[in-house]
Amino acid sequence: MSGMVEKRGYGTWLTHAALIVGIAVICFPIWIAFVASTVTQEELIRPPMPLLPGPHFFDNYLEALLTGGVAPVWQMLLNSLVMALGITIGKIIISLLSAYAIVYFKFRFRMLFFWLIFMTLMLPVEVRIVPTYEVVASLGLLNSYTGLILPLIASATATFLFRQLFMTIPDELTEAARVDGAGPVRFFIDILLPMSRTNIAALFVILFIYGWNQYLWPLLITTDPSMNTVIMGIKQMLPTGDQTVEWPVIMATAMLAMLPPVLVVVGMQKLFVKGLVESEK
Amino acid sequence: MEKRVVFNNRWLPYLLVAPQLLVTFVFFFWPAGQAIYQSAFIPDPFGLKTQFVGLGNFEYLFGNRYYLESFSTTAIFSVLVTVSSMSFALWLAVLADRVIKGSSAYRTLLIWPYAVAPAIAGVLWLFMFNPFTGIIAWMLFQVGYVWNHNLDGGQAMALVVAASAWKQISYNFLFFLAGLQAIPKSVIEAAAIDGASFWRRFWTIIFPLLSPTTFFLLVVNVIYAFFDTFGVIHTITQGGPQQSTTILVYKVFADGFVGQDLGSSAAQSVVLLVLVGILTVVQFRFIERRVHY
């Protein structure tokens with residue numbers, strides 16, 4: 001810690017004070033959203049709005065969950081959960097398998113396959129949005145969980161990560177397993193998977209947030225309100241000409257939409273930091 | 001790098017790569033191929049058949065004032081997001097690195113905006129700056145400044161930059177903090193004994209040693225500003241007013257889905273494809289180098 005070389009006293013207090021100011025600036029938008037979700041519409045449309053929470057917490061959150069906008073928020077949360085878990089688990093499984101094949105087998109077209117997969121790194125869904133939409137539409141996957149999930153699980157990042165990890169696992173282990181008569185499937189299940197446990201968990205945190213926070217893709221392919229995810233559903237609630245949904249309900253929805261990924265990040269902070277640092281390597 | 005010990009199996013490896021290859025082909029190569037193919041055609045006015053125009057769509061794009069403006073909008077937007085988010089994050093990381101007691105509490109309080117979706121960040125900032133009811137718009141009005149990002153392009157840009165930068169601060173903070181903590185304390189202590197003040201030490205020793213992290217974050221932030229901020233723009237400004245916040249990714253969407261101009265949208269996809277390619281190569285070049293540090 002560089003604190004060691006600092007003089008104690010004013011300096012330390014100033015540092016703490018500055019940090020607290022910084023945190024206050026960063027937390028301000030959330031505080032405002034939280035306060036707005038506990039008051040009435042009348043209090044919000046007559047500025048200035050209150051800066052301390054009001055008594056309407058349960059009214060607003062219940063209205064959001066049960067009525068919401070075009071669809072109740074509980075349904076949108078459920079759709080978000082299915083999509084986030086589908087993307088996360090799907091990505092992890094297909095990446096584990098392909099990384100295993102690429103590292104532990106010699107076969108024809110191995111490097112070609114590797115480069116084909118690697119190239120997906122270069123194309124976020126936002127870039128190829130129109131043609132991907134057409135492909136999914138022509139496969140009849142609009143308004144389906146499959147359509148929400150499948151196009152987003154094609155990504156090279158996880159494959160890359162597992163490849164790096166497998167490379168660091170000593171050959172002696174494989175040798176020993178082979179001497180013991182373990183085939184490739186046994187080796188994968190009994191040795192490789194347990195050894196990758198923390199990496200899988202770390203990746204899970206990152207991918208869950210990625211999946212939960214998807215916006216453009218669900219916006220395009222879910223025209224049926226019952227398939228809306230919460231991140232895109234909230235946009236539908238924003239007032240455009242004819243105001244229908246009230247701000248306290250919108251802000252309650254925003255709080256609900258943030259809660260799962262924020263809980264994951266804060267609750268699994270160590271894994272999250274590990275996953276973040278590794279998936280960017 | 002190659003493994004010395006490998007398994008021999010005729011069909012198993014193909015079975016293992018099959019799911020990923022299948023998904024990659026159907027949802028990646030096919031659409032990307034479609035984009036390149038469609039970029040060479042324009043639909044006739046009745047949408048019945050298409051006409052081959054070669055590179056016509058590209059010629060049209062690069063002669064189109066709005067598209068060129070979108071390039072400079074994207075450049076301004078990315079620079080502003082990157083610089084504001086990184087400098088604020090660096091300032092916080094330097095402070096957090098100096099704190100001995102309670103640094104993990106500070107970290108917890110600073111990392112969670114990472115988990116907020118760009119679209120939600122957009123909604124939160126839109127609410128605070130709502131010209132009629134927003135709390136900050138009201139405060140600005142009290143000091144005599146009229147805020148209306150629906151009319152003023154500069155204000156609209158400021159708002160989408162603030163929301164995008166806000167969301168990215170945690171990420172930058174984490175990497176800067178890790179970078180700072182990796183600097184050997186003996187180096188800094190030596191400078192302190194020589195009597196250098198904190199900020200002098202920071203600019204002459206710490207900041208140069210931090211440069212690998214800074215470069216890495218520069219690339220990541222530019223990529224973020226280019227491609228991951230769609231939700232912010234779409235919720236706050238829809239690219240307006242008068243296209244003043246229409247960044248490239250937003251324009252692909254607006255021309256393709258709202259404007260139904262598929263040829264132009266496909267050509268824009270191809271342009272973006274090339275841009276991402278360049279950025280990815282830069283990122284990997286740099287990261288390859290970083291591994292050898």
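Residues numbered from 1 in each chain as written. Chains lettered and ligands numbered in written order. Predicted model: local features only at pLDDT ≥ 70, side-chain atom pairs only at ≥ 80, totals over all residues. Heavy atoms only, no water.

1. So, the overall build of chain A
Per the secondary structure count, chain A includes 15 helices and zero strands. Once the C-alpha set of chain A is aligned to its principal axes, its extents read approximately 75 × 65 × 30 Å. A burial count over chain A gives 56% of its 281 residues as buried. For chain A, the proportion of contacts with a sequence separation of at least 24, taken over those separated by at least 6, is 71%. Total accessible area computed for chain A in this model is approximately 12000 Å², and 68% of it derives from carbon and sulfur atoms. Looking at chain A, you have 16 positive and 17 negative side-chain charges, and the mean spots of the two groups are 14 Å apart. (Helix = DSSP H or I, 4+ residues; strand = E, 2+ residues; numbered from the N terminus. Buried < 20%, exposed > 50% of the residue type's maximum accessible area, 1.4 Å probe, protein only. Contact = heavy atoms within 4.5 Å. Areas by Shrake-Rupley, 256 points an atom, 1.4 Å probe, with all protein chains shown as cover. Lys, Arg positive; Asp, Glu negative; His and termini not counted. Charge placed at Lys NZ, Arg CZ, Asp CG, Glu CD.)

2. Considerations on the overall build of chain B
The number of helices and strands found in chain B is 13 helices and two strands. Expected size for 293 residues packed as a compact globule is a radius of gyration near 19 Å; at 24 Å, chain B overshoots this value by more than 25%. Principal-axis analysis of the C-alpha atoms gives chain B an extent of 75 × 75 × 30 Å. Here the contacts in chain B between residues at least 6 apart in sequence split such that 67% fall between residues at least 24 apart. Total accessible area on chain B stands at roughly 13200 Å², and carbon and sulfur atoms take up 67% of it. (Rg over C-alpha atoms; globule rule 2.2 N^0.38 Å.)

3. Description of helix H5 (residues 118-128) of chain B
Of all eleven residues making up H5(B), eleven are buried, and the element is well covered by its neighbours. Buried within H5(B) are the following residues: Pro118(B), Ala119(B), Ile120(B), Ala121(B), Gly122(B), Val123(B), Leu124(B), Trp125(B), Leu126(B), Phe127(B) and Met128(B).

4. Concerning the layout of surface pockets
Counted as a void, the second largest pocket has a volume near 490 Å³. Every residue lining the second largest pocket is counted, 22 residues in all, and those nearest its centre are Pro239(A), Thr240(A), Leu126(B), Asn130(B) and Asn150(B). At the level of elements, helix H2 (41-45) of chain A together with helix H11 (230-236) of chain B are the ones that each hand at least two residues to the lining of the second largest pocket. Of the residues that constitute the lining of the second largest pocket, the class distribution is nine nonpolar, twelve polar and one charged. (1 Å grid on protein atoms, 1.4 Å probe; cavity = no way out; pocket = protein on both sides within 12 Å on 5 of 7 lines; lining within 4 Å. Points joined across faces, edges and corners; volume = space filled by probe spheres on them. Nonpolar A, V, L, I, M, F, W, Y, C, P; charged D, E, K, R; others polar.)

5. Observations concerning the nonpolar core
Membership of the largest hydrophobic core comes to 152 residues, with the highest contact counts inside it found for Phe272(A), Ile120(B) and Leu124(B). Once residues lying within four places of it in the same chain are set aside, the contact partners of Phe272(A) are Val205(A), Ile206(A), Ile209(A), Val265(A), Ile111(B), Tyr114(B) and Leu174(B). Counting residues in hydrophobic clusters, the runner-up holds 37 residues, among them Tyr100(A), Phe107(A), Phe166(A) and Phe187(A). (Core = buried A, V, L, I, M, F, W, Y, C linked by side-chain atoms within 4.5 Å.)

6. A few points about helix H11 (residues 197-212) of chain A
Residues lying three or four places apart along an α-helix face the same way, a consequence of the helix completing one turn every 3.6 residues. Between the first and last C-alpha of H11(A) there are 22 Å, a value that for 16 residues agrees with the 22 Å anticipated at 1.5 Å per step. Every buried residue of H11(A) is listed here: Asn199(A), Ile200(A), Ala202(A), Leu203(A), Val205(A), Ile206(A), Leu207(A), Phe208(A), Ile209(A), Gly211(A) and Trp212(A). (Expected span 1.5 Å × (residues − 1).)

7. Side note on unusual backbone geometry
Glycine aside, residues mostly have negative phi, and peptide bonds are mostly found in the trans state. Located in the positive-phi region is Asn143(A), a residue other than glycine, with phi close to 55°. Even without being glycine, Gln238(B) reaches a positive phi, approximately 50°.

8. Here we look at the interface of chain B and chain A
With 100 residues of chain B in contact, the opposing surface of chain A contributes 115 residues. Of the roughly 10100 Å² buried where chain B meets chain A, counting both sides, 77% is carbon and sulfur surface. Taken as a group, Lys3(B), Phe7(B) and Phe27(B) account for 9% of the area that chain B buries against chain A, more than any other trio of residues on that side. Joining chain B to chain A, the criterion identifies zero salt bridges. Summed over the shared surface of chain B and chain A, the result is twelve residue pairs in polar contact (both at pLDDT 80 or more). (Buried area = accessible area lost by both parts, 1.4 Å probe. Salt bridge = Lys/Arg side-chain N within 4 Å of Asp/Glu carboxyl O. Polar contact = N/O pair within 3.5 Å; in protein donor to acceptor, adjacent residues only side chain to side chain.)

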